[in-house]
Amino acid sequence: METKKMNDVIVIGAGIAGTFVARELARYELDILVIDQESDVANATTMANSAIVHAGYDAKPGSQKSFFNIKGNPMFDQVCEELDVPFKRIGSLVIGFDEEDRKTIDKMYKAGLKNHIPEMSIIEANHIKELEPNISDKVRVALFAKTAGIVSPFELAIALAENGIENGVKYQLETKVIGIEKQDSYYDVHTNRGDYQARNIINCAGVFADQISQMVGDTSYSIHPRKGEYYLLDKKAGKLFNHVIFQTPTDHGKGVLITPTVHGNVLVGPDSNFVGEKDDVSTEAMSLQEIRNVASRSSDKIPFNQVIRTFAGLRASSDIGDFVIGESKVAKGFINVGGFESPGLSAAPAVAKYVVEIMEGISGGLKEKVTFNPRRRPMVRFAELNLEEKQKCVEDDPNYGNIICRCEQVTEAEIIDCIHRNMGATTVKGVKKRTRPGMGRCQGGFCEPKVVEILARELNRPIEDVSYNGSKAYIVTEETKKQI
Amino acid sequence: MESYELVVIGGGPAGLAAAIEAKDNGVDSILVLERDQELGGILQQCIHNGFGLHVFKEELTGPEYAERFINQLNDYGIDYWLNTMVVDFNAEHVLHCVSKEYGFKTIEAKAIVLAMGCRERTRGAINIPGTRPSGVFNAGTAQRYLNIEGYLVGKKVVILGSGDIGLIMARRMTLEGAKVLAVVELMPFSGGLNRNIVQCLNDYDIPLYLSHTLTEIRGKERVEQVVVSKVDDNRQPIAGTEIVYNCDTVLLSVGLIPENELSEEAGVTMDPRTSGPIVNEAMETSIEGVFACGNVVHVHDLVDFVTEESRRAGRFAAKYIQKQLVDQENMVKTVAGEGIAYIVPQNVRIRNLDKQLELFMRVKQVYSQVEMVIKTNRGILKTMKKRHMAPGEMEHIVLAKEELEGNDIQEILVEIQEVQA
């Protein structure tokens, strides 16, 4: 434990915002520590969201959401290439059914033009059907934005963490901030695992950002989490839809979206309901039924009998309706990345750059690190290789010959690698996020015991100590035939 | 490229029986590909007894049943590769597989037998609301942890689904010191064998709640509670009937799904009712020379039936390799009439039958005092009185070949009729 060591920066929260900010700051000569209460990076909102990189036409012009979304979107190609993270610029459609919708779409289009969003067009029924053969016949018009994309947010955050560590960032997980004390020129950060010190704090604490902010006396915003529930469909359904398909927002709501995922599944959702507790990610039968009803307006060909999982995530919505990004007015050196709901993911790369600018302002210039390496060691994704490449892999390392997850075709070599990376998986969910065993149609039915065994072996732990997600989420209770 | 006359995908009871039978029928070069570390498939984790009453006329445990076939396979010198996953195969009978020991291999075969078995339906597929903590297991996964790995998955258990694996696991968990609080079944009848309800639940005073379901799972890290509700005739939960159980584990035994990802990718035509390939009397799929048997075709209750079906597949695969199978233009179709969920095989070429045609099927609901009527376009062929029928018990009909000969039969229909008073 690095108690009492002075850091230049402590980033609180290791979701997409925190990992991005830390990786951007790692370009400079700074001591950076990222802390998170979860057992893994990207374990809360970053784990459960729509995974969309928005084109940027729909945020209110002039808002921080709009500003950072528009700047962030074009940055994804480079960062995902550098970090070997799946990203696809598949384009989005906002579909309309009637004249009312057409008016709204027209407005969005004009707002988009004003925001200089490239490659947007309004298209009519025939063209829409060409792009999306399985869309409802009742769709009349759509806003087509070619620059929208899909990404794997948790894989991106993990990659950012790995690359950050490669460049000197330190991560401390399962570390919950319980208080912050302002000293003359630095902050004391009290946690369940001891005290840490930093000259600057970057608050990327997601749904808890307001509580962290209040610890330094900044009560300028509060977070009211909104829950969104989703259906994830089998890859068999993956070819049914080609774009992110939004419905036109109306007075009755924003509608729900249908989108392919970067891994070839289909995601349907989310709804939006305020929740009282900041960790309420339970799903509800009524909400799921409603999502189904609403989504069926977009297409009656969604095969809900191919659902492999339902889940819920929280949006860190602020009471001021916008991101809260900037240095706190009451606490010098304390930078908020708060209210980071949609389009937070799309905005994250630009926000990270902006945080660097703020830091430059605070410290009167940052010194670039000459050794900074923007790339991380690529992941081998066995399932995506062609036959010759697969053959080569197995020749080089026989562990590629042992397929652990049959649904997603994940090999033992990939799992071993993801455990031993610098932000390695320590739980079954950690392995699942990084290499996908358990993400498929059997949901870990076959592979989970094997993954548990590999984790125990590679981490040199007893099987009983391997958990699904965090120390209390144990999987087995005891060995039944212990030798005495 | 390796070359075999017959490649069997899957070394469980289906694959073993098919391989042995093919050998008995003159096929010399056979390779069985098994993804697990030993032959025998799911039988190896089914350490309870009750297997083999039909085939061996005695009661064996799963591993004992498997052992008889494994021994025979070894006696016959049939090749098998363990820890080997088939990546794909095609209509030209070329397949790719991969393993630590053998590396990445391309194999060509004259015929292929698909015997990949089935997998369990998951929580996701049935949308149980609530949180997503650890402690929710498919019953078969829990069985593997317990019987193969040697670990208990929890202490206070609620089981959803009264399929056989759920019932067996209720007893097994109890014997290992866990408390099984309840078995909850959505339908008004159990999906499992009657003998299992008696021997696994009643004998241990484990309550079975019919027409109930899980309406919520609670717990942040590990399961802490579940909510069980009664359902109405449309299987919808009835408000006000909730019972909350404090438990740490949920086991799901909510159905099995034939595992046909390989078959589908190869272009095998599937039957949406069975989720398995459409097969003919030879257990041959829509791809010539590709046969299928066991749970990959349709989910069986008894391994004995899997063995018999797989022997048939092995025998016909041998005939195919020896070019003794005949094609005929007027394929006779089997038709699932009133009350019947599906029939296997779906197509029949009468000329290829040895002496008789065996049809396997399930009814859609529980029936008592009914008649099972078998009709062809010639008229009623056979009527069988049935005192009791349930979806959980597979039905079996044997028709003599001579009754079906002649080129005029186009279909064989089976239906359930009320008995006229």
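In this text the structure is predicted, and so the values were computed from the model without any measurement.

Undergrad: Any chance you could explain the sheet that holds strand S16 (residues 225-230) of chain B here in plain terms?
TA: Residue and element names in this part refer to chain B. Strand order in the open sheet formed by three strands is S15-S16-S17, and the pairing between neighbours is antiparallel. Looking at the sheet topology across the chains shown, the edges are occupied by strand S15 (212-218) and strand S17 (243-246). Strand-to-strand twist in this sheet, taken as the mean axis angle between neighbours without regard to direction, amounts to 25°. Bridge count for S15 against S16 is six bridges, and the pairing is antiparallel. Paired with Arg218 across the two strands is Gln225, which belongs to S16.

Undergrad: I keep staring at the domain arrangement of chain A and nothing clicks. Help me out?
TA: Residues and elements named next belong to chain A. When cut into domains, chain A gives domain 1 (6-46 + 153-222 + 321-363), domain 2 (92-146 + 224-318) and domain 3 (382-465). The gap between the C-alpha centroids of domain 2 and domain 3 is 32 Å. Contact with domain 2, which involves seven residues of that partner, is made by seven residues of domain 3. Surface buried jointly by domain 2 and domain 3 totals about 650 Å² across both partners, of which 39% is contributed by carbon and sulfur atoms. Taken together, the links from domain 2 to domain 3 amount to two salt bridges. Salt-bridge contacts for Glu408 lead to Lys235; the nearest nitrogen and oxygen are separated by 2.6 Å. The interface formed by domain 2 and domain 3 includes four residue pairs in polar contact (both at pLDDT 80 or more). Each residue belonging to the side of domain 2 that touches domain 3 can be placed in one class, and the counts come to one nonpolar, two polar and four charged.

Undergrad: Would you take a moment to explain the packing of helix H1 (residues 16-25) of chain A against helix H9 (residues 344-363) of chain A for this structure?
TA: If you want to describe how two helices pack, look at the angle between their axes and the distance between the axes. Residues and elements named next belong to chain A. Two elements in contact, H1 and H9, have axes separated by 8 Å at closest approach and are oriented at 45°. Viewed along their axes, H1 and H9 adopt a mutual orientation that is oblique. Relative to H9, the crossing made by H1 is right-handed. Judged by residue contacts, Ile16, Phe20, Val21, Glu24 and Leu25 of H1 engage Leu345, Ala348, Pro349, Ala352, Lys353, Val355, Val356 and Met359 from H9. Across the contact of H1 with H9, the residue classes break down as 11 nonpolar, no polar and two charged.

Undergrad: Sorry if this is basic, but what is going on with the sheet that holds strand S25 (residues 347-348) of chain B here?
TA: Spatial strand order, S25-S23-S30-S27-S28 (chain B): five strands in an open sheet with mixed pairing. Of all the strands in the sheet, just S25 and strand S28 (379-389) of chain B have a single pairing partner and so form its edges.

Undergrad: Which parts of the structure should I look at to understand the domain arrangement of chain B?
TA: You'll often see interface size given as the accessible area lost when the parts meet. All names here are of chain B. When the domains of chain B are assigned, the result is domain 1 (1-119 + 256-325), domain 2 (122-254) and domain 3 (330-421). On a C-alpha basis, the centres of domain 1 and domain 2 stand 31 Å from each other. Carbon and sulfur atoms make up 51% of the surface buried where domain 1 meets domain 2, a total of about 1,000 Å² over both sides. Looking only at domain 1, the three residues that lose the most surface to domain 2 are Gln45, Ile47 and His48, adding up to 48% of its buried area. Counting the contacts that link domain 1 with domain 2 gives one salt bridge.

Undergrad: Hey, could you run me through the nonpolar core in this one?
TA: Across soluble globular proteins, nonpolar side chains show a tendency to be buried alongside one another. Counting residues in hydrophobic clusters, the biggest one holds 72 residues, and the most contacted among them are Leu6, Ile9, Leu33, Phe89, Ile107, Leu114 and Phe291 of chain B. In terms of residues, this core owes the most to one element, helix H8 (residues 303-321) of chain B, which gives nine residues. Residue-level mapping places this core at the junction of two domains, with at least three residues from each of domain 1 (1-119 + 256-325) and domain 3 (330-421) of chain B. The next biggest cluster of nonpolar side chains, apart from the first, holds 57 residues, and it includes Val9, Val53, Ala161 and Val169 of chain A.

Undergrad: Sorry if this is basic, but what is going on with the pairing of strand S27 (residues 367-376) of chain B here?
TA: Two faces make up the sheet, and in a regular strand the side chains alternate between them. Residues and elements named next belong to chain B. Of all the 10 residues making up S27, seven are buried; the element is thus mostly covered by neighbouring parts of the structure. In this structure, S27 lies alongside S28, joined through nine bridges in antiparallel fashion. Directly across from Glu371, in S28, lies its bridge partner Lys385. Following S27, the chain reverses through two residues before pairing antiparallel with S28.

Undergrad: Quick question: what am I supposed to make of the side chain of Ser346 of chain A here?
TA: All names here are of chain A. With respect to the helices and strands, the residue Ser346 is situated in helix H9. Here Ser346 falls in the buried class, since its relative accessible area comes to 0%. A distance of 2.9 Å separates a polar atom in the side chain of Ser346 from the backbone nitrogen of His54. What Ser346 contacts, discounting residues up to four positions off in sequence, is Ile52, Val53, His54, Phe68, Asn69, Gly72, Asn73 and Phe76.

Undergrad: Would you take a moment to explain the interface of chain A and chain B for this structure?
TA: Between chain A and chain B, the residue contacts involve 52 residues of the former and 43 residues of the latter. Buried surface at the junction of chain A and chain B, both sides included, amounts to about 4,100 Å², of which 55% is carbon and sulfur. Joining chain A to chain B, the criterion identifies seven salt bridges. Across the salt bridge formed by Glu412 of chain A and Lys100 of chain B, the nearest N and O atoms sit 3.0 Å from each other. Secondary-structure elements contributing two or more residues to the side of chain A that touches chain B are strand S18 (307-315), helix H10 (387-396), helix H13 (448-459) and strand S23 (478-479) of chain A. Ranked by residues supplied to the side of chain A that touches chain B, first place goes to S18 of chain A with six residues. Split into classes, the residues belonging to the side of chain A that touches chain B amount to 23 nonpolar, 13 polar and 16 charged.

Undergrad: Would you explain the pattern of salt bridges in this entry?
TA: Between side chains of opposite charge, a pair can form when the charged atoms approach closely. Scanning the model with the defined rule gives 61 salt bridges over all chains in all. Between Arg457 of chain A and Glu458 of chain A there is a salt bridge, and its shortest N-O distance comes to 3.0 Å. Residue classification places Arg457 of chain A among the partly exposed residues on the basis of a relative accessible area of 44%. Judged by its relative accessible area of 22%, Glu458 of chain A falls in the partly exposed class. Across the salt bridge formed by Lys155 of chain B and Glu478 of chain A, the nearest N and O atoms sit 2.9 Å from each other. Residue Lys155 of chain B is located in the loop between strand S11 (151-152) and strand S12 (156-160), and its partner Glu478 of chain A is located in strand S23; the two belong to separate chains. For Lys155 of chain B, a relative accessible area of 33% translates into the label partly exposed. Looking at Glu478 of chain A, the relative accessible area reads 28%, which means it is partly exposed.

Undergrad: What's the story with the packing of aromatic side chains in this structure? I'm lost.
TA: For any pair of aromatic rings, the description rests on two quantities: the centre-to-centre distance and the angle between the ring planes. This model, assessed by the stated rule, comprises 15 aromatic pairs over all chains. With 5.2 Å between their ring centres and 55° between their planes, Phe68 of chain A and Tyr354 of chain A make a pair best called tilted. Of the two residues, Phe68 of chain A sits in helix H2 (residues 64-72) while Tyr354 of chain A sits in helix H9, which places them 286 residues apart along the sequence. Using a relative accessible area of 3% as the deciding quantity, one classes Phe68 of chain A as buried. Of the aromatic side chains, those joined through ring pairs into one cluster are Phe67, Phe68 and Tyr354 of chain A. When the ring centre of Phe56 of chain B is taken as origin, the NZ or CZ atom of Arg68 of chain B, which lies over that ring, is 4.9 Å away.

What counts, and at which threshold
Residue positions are given per chain, counting from 1 as you read along its sequence in written order. Ligands are numbered from 1 and chains lettered from A, in the order in which they are written. Under the rules for a predicted model, residues below a pLDDT of 70 receive no local features and side-chain atom pairs below 80 are neither given nor counted, while totals for whole chains, interfaces and linings still include all residues. To obtain the side-chain values, all non-hydrogen atoms of the structure were included, while hydrogens and water were left out. Here a strand pair is declared whenever DSSP counts at least two bridges between the two strands. Secondary structure elements are taken from DSSP: a helix is a run of H or I of four residues or more, a strand is a run of E of two residues or more, and numbering for both begins at the N terminus. To obtain an axis, a line is fitted to C-alpha atoms, over the contacting stretch when the element is a helix, and the angle between two such axes runs from 0 to 180 degrees between their N-to-C directions. Delimitation of the domains relies on an automatic or database domain assignment. Working rule for contacts: check all heavy atoms of both residues, and any pair within 4.5 Å makes them a contact. Accessible surface is computed with a 1.4 Å probe, and the buried area is the amount of it that two parts give up when combined, taken over both parts together. Salt bridges are identified by distance alone: a Lys or Arg side-chain nitrogen within 4 Å of an Asp or Glu carboxyl oxygen. Side-chain atoms alone can form a polar contact between residues adjacent in sequence; in general such a contact is a pair of N or O atoms within 3.5 Å, and within protein one must be able to donate a hydrogen while the other accepts it. Only Asp, Glu, Lys and Arg are considered charged, only Ala, Val, Leu, Ile, Met, Phe, Trp, Tyr, Cys and Pro nonpolar, and every remaining residue, Gly among them, polar. For this classification, under 35 degrees means roughly parallel, over 145 means roughly antiparallel, 65 to 115 means roughly perpendicular, and everything else is oblique. With the far helix as reference, a near helix turned anticlockwise by less than a right angle produces a left-handed crossing, and one turned clockwise produces a right-handed crossing. The nonpolar core is taken to be a set of buried Ala, Val, Leu, Ile, Met, Phe, Trp, Tyr and Cys residues, with the residues joined through side-chain atoms within 4.5 Å. For each residue, the accessible area found with a 1.4 Å probe, counting protein chains only, is set against the maximum for its type, and the residue is called buried under 20%, exposed over 50%, and partly exposed in between. By convention, a stacked pair of Phe, Tyr or Trp rings (six-membered ring in the case of Trp) has centres within 6.5 Å and planes under 30 degrees apart, an edge-to-face pair has planes over 60 apart, and any other such pair is tilted. Throughout this description, the term charge over a ring refers to an Arg CZ or Lys NZ atom that lies within 6 Å of the ring centre and within 35 degrees of the ring normal.

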